[in-house]
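Each chain is listed here by its residues.
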Amino acid sequence: MSEREFDRAGPPQPVLLANARLVDPQERREFHGGLIVKDGLIAEIGAHLATVSSLDDMREKMRVIDCLGHVVAPGLVDLQAFIGEPGAEHRETLSSASRAAAAGGVTTLVCRPDTHPVIDDPAIVDFVLRRARAASALRIHPSAALTKGLAGREMTEIGLLKEAGAVVFGDGHKSIMNSQLMRRALLYARDRDAIVSHFTQDETLAAEGVMNEGEFASRLGLSGVPKVAETLVLMRDLALVRLTGARYHAALISCAESLEAIRAAKSEGLRVTCGVSINHLTLNESDVGDYRTFFKLSPPLRSETDRRALVEGLSDGVIDAIVSDHDPQDVETKRQPFAESADGAIGLETMLAAGLRLVHSGEIALPCLLAALSSGPANAFRLPPANLAVGSCADLVVFDPDEPWIVDPSTLHSLCKNTPFDEARLQGRVLATLVGGEFVNAVASSLPGL
Amino acid sequence: MNGGRSQYPYRHLLGIEGLSRLDIQALLDTAEDYVALSRQVEKKAATLRGRTQINLFFEPSTRTQSSFEIAGKRLGADVMNMSVSSSSVKKGETLLDTAATLNAMRPDIIIVRHHAAGAVNLLARKVDCSVVNAGDGAHEHPTQALLDALTIRRAKGRIEGLVVTICGDILHSRVARSNIICLAALGAFVRLVGPSTLLPSEVERFGVEVSPDMRTGLAGADIVMMLRLQRERMSGAFVPSIREYFRYFGLDREKLSFAKPDALVMHPGPMNRGVEIASDVADGTQSLVREQVEMGVAVRMAVLEALARHLPNE
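Just so you know, these numbers come straight off a predicted model, no measurement behind them. Per chain, residue numbering runs from 1 following the sequence as it is written. Chains and ligands are labelled sequentially in the order written, the chains with letters from A and the ligands with numbers from 1. Local features in this predicted model are restricted to residues of pLDDT 70 or higher, and side-chain atom pairs are both shown and tallied only at a pLDDT of 80 or more, whereas totals for entire chains, interfaces and linings draw on every residue. Hydrogens and water molecules were not included; the side-chain quantities draw on all heavy atoms of the structure.

Asks: Would you explain the layout of surface pockets in this entry?
Replies: Rolled over the atoms, a probe with the dimensions of a water molecule shows which regions are left empty. As a volume, the largest pocket reaches approximately 760 Å³. Going through the elements one at a time, helix H2 (63–74), helix H5 (142–156), helix H6 (174–185) and helix H11 (289–308) of chain B are the ones with two or more residues in the lining of the largest pocket. Per-element tally for the lining of the largest pocket: the top contributor is H11(B), with six residues. Classifying every residue of the lining of the largest pocket by side-chain character gives 10 nonpolar, 16 polar and eight charged. As a volume, the second largest pocket reaches approximately 420 Å³. Only protein atoms enter the 1 Å grid, on which a cavity is a set of points fitting a 1.4 Å probe that cannot get out and a pocket is an open set with protein on both sides within 12 Å along at least 5 of 7 lines, lining residues being those with an atom within 4 Å of a point. Looking at the second largest pocket, it is lined by 19 residues, and the ones nearest its centre are A:Arg183, A:Leu187, B:Ser196, B:Leu199 and B:Ser201. Counting only elements with at least two residues in the lining of the second largest pocket, the list comes to helix H4 (179–191) and helix H7 (227–244) of chain A. Runs of E in the DSSP output that reach at least two residues are strands. Runs of H or I that reach at least four are helices, and both are numbered from the N terminus. Of all the elements, H4(A) adds the most residues to the lining of the second largest pocket, at five residues. Grid points are joined across faces, edges and corners, and a volume is the space filled by probe spheres set on the points. Each residue gets one of three labels, nonpolar for Ala, Val, Leu, Ile, Met, Phe, Trp, Tyr, Cys and Pro, charged for Asp, Glu, Lys and Arg, and polar for the others, Gly among them.

Here it is as structure tokens:
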């Protein structure tokens, strides 16, 4: 275990994060104050801890950090990130992904099951958890495949995989087209009280499509993926959820029609949640521009109308989770003609700053954004709650929501540099990230006491 | 051998459905006598002397077929076995052609097993003799339910008021369907346990309690009846794997301890050891599996005798 980079020996010194703008998305409240972290938990929080000068007597007992009025919020919870272990360590490792995540304020992440070998056996879940403990200080939860080998033919050992530590079941970026199998898998998952997270795209309709079907694709001479490819499978799934009573998460929705289907299912009382990638909230099909392959995603970037609808879904709470859908691709697979290049973009490190675009443009409020980045996803996958309550895990992010910066791919921690925010001007920078009360990322000398 | 008892009033035995509590009890009472007869050195009766019994099995079966064969022979019938591999069905003859052909040979009783639900009823309508259903698809297997009832009655002294939990692949099981009806008619409380993928739709409307969990399903059970899980159903289509099935639904010592301390274990056979039942439970002191086989012959003799009373004698 030579890769161990984070020493967890011995209880760390208590930390006071003073003079902070505390945002608790779970409670949808924010106030100026401070927060004490002790033994890995939030020990105290309140307005009386706001002023640093009045806290001199605290300095003997703990490390006092002046947050200069910047935001302190629960660490980000990312429900969907591809990590190359096992089998694609050239694209990303648990170690490199964790560095990128910590730099982006992410404290918990759920890794995709479409590794080599596929995470479809309890022994592989165990392997990932052991590797994660050795190589990362973040909270890493494996998801497991819903069908053996992601082949879409036979369901996996949902009960044993869940006991081994898999938090959710799905086939990565593959849809299960066999409705009979999907029905039985949902029913069986309900018996075992497991959550099914499904990528919804009819592969026969998506066929050779490489971007959103419509005028842009037609002008570029590229085949399109129609929105109905997504809604057809999603609506089938929702009908099967109604039939089986399963707990279901639509992993990546991309268009207004899907949002409406989820909204209706929720108001009907079905146990349904959904996620949307940061890319689909901040970019649209026109960003593909001159065949830029870093914008080739699955599902594809949709129209501006769809993007706006998704942002609205974020405001009114229909969308539970913003995910990075972090998908590192090496240069060889991206430097190809558009139709032949791989799908996917990295996102762990830029997710928060990209999301803040929506706050700065006035499209949504900050607590609302943070809810979809922490408490919402944690609740959707039944992970420990992400909030600022006394007694909760001290998984925290400290960030300056206003600091401008330009994304320089060479400084990103991910092993791959396929970011759609290449050289983008973003506002909002993570200054420190804590997991269980320990700093896993801290920008040197950005805050007094840090 | 039927002094003063109520008599089974039908020409066929196609299912437990439609039989009254008295009909069932009459058959069980007669079977008790045949248990005694079968334990004698001289096991032969003359009830079916001169009669012809055909065992027509469209699905392979060792136990049920030999049990019917022994039952018929002990009652003095001439028994002929016809299994699918040697029949003209393989040459394309329809079920009804087969029925007409057999009927022309003037048998007195035909025992039929078929893979399609309802096939035995169809055949019974086309022949002049008595027909016994030895299992039709996932529909009914009435003599199995009767032998199970007899086994329980002899082991526990009663059936009324007992809690009987049936576990496993209920969906594909004719044994479960016949037992649910039979045990309910005799006053037992029936519970079903199995993964939801192996439960028939709306099965709770059969008047049973349903549980996806062995702990709750076995709590307070007097009888634990395990069902066989077919190999082709345990690799992903209905349940993920054998080891996962055994983990949650295989009857081992620990799960059996959820039931009453004096609970008894049954299995219609053939058993998949290590799939639905652990070997030490199958062979343990609480197991009734061997008694079930013995009761099978006695119950089938009782059924044959009851039907023989309705055969023409001229």
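Asks: Mind showing me how you'd approach the pattern of salt bridges here?
Replies: Any two side chains of opposite charge can pair if their charged atoms end up close together. In the sections that follow, a salt bridge refers to a side-chain nitrogen of Lys or Arg positioned within 4 Å of a carboxyl oxygen of Asp or Glu. The full count for this structure, using the stated rule, is 42 salt bridges over all chains. For B:Arg205, the salt bridge is made with B:Glu202, and the minimal N-O distance between the two is 3.7 Å. Partly exposed describes any residue whose relative accessible area lies between the buried limit of under 20% and the exposed limit of over 50%, with all areas from a 1.4 Å probe on protein chains only and scaled to the type maximum. Taking the relative accessible area as the measure of exposure, B:Glu202 reaches 45% and is therefore partly exposed. B:Arg309 is the partner of B:Glu305 in a salt bridge, and the nearest nitrogen-oxygen pair spans 2.9 Å. A residue is classified by how much of its surface remains accessible, and B:Glu305, at 6% relative accessible area, is buried. B:Arg309 gets classed as partly exposed once you look at its relative accessible area, which sits at 31%. Among the ionic contacts, a cluster of salt bridges with common partners joins A:Arg91, A:Arg112, A:Asp114, A:Asp325 and A:Asp327.

Asks: In this structure, what is going on with empty space enclosed by the protein? I would like to understand it.
Replies: All names here are of chain A. Scanning the model with the defined rule gives three cavities of 30 Å³ or more in all. Computed from the structure, the largest cavity encloses a volume of approximately 120 Å³. Gln80, Arg112, Pro113, Ser143 and Ser197 are, among the 17 residues lining the largest cavity, the residues nearest its centre.

Asks: I tried to follow helix H8 (residues 242–249) of chain B on my own but got confused; where do I start?
Replies: Given 3.6 residues per turn, any residue in an α-helix points the same way as the ones three and four places further on. Those residues of H8(B) that fall on the buried side of the exposure criterion are B:Glu244, B:Tyr245, B:Tyr248 and B:Phe249. In an axial view of H8(B), the angular spread of the buried residues amounts to 100°, which keeps them on one side of the axis. Two residues form a contact once any of their heavy atoms are found within 4.5 Å. Among the structural elements, helix H3 (158–164) and H4 of chain A together with strand E6 (189–193), helix H7 (214–218), strand E8 (223–226) and helix H9 (253–256) of chain B are those in contact with the buried residues of H8(B). The arc under discussion is defined with respect to the helix axis, by the directions toward the C-beta atoms.

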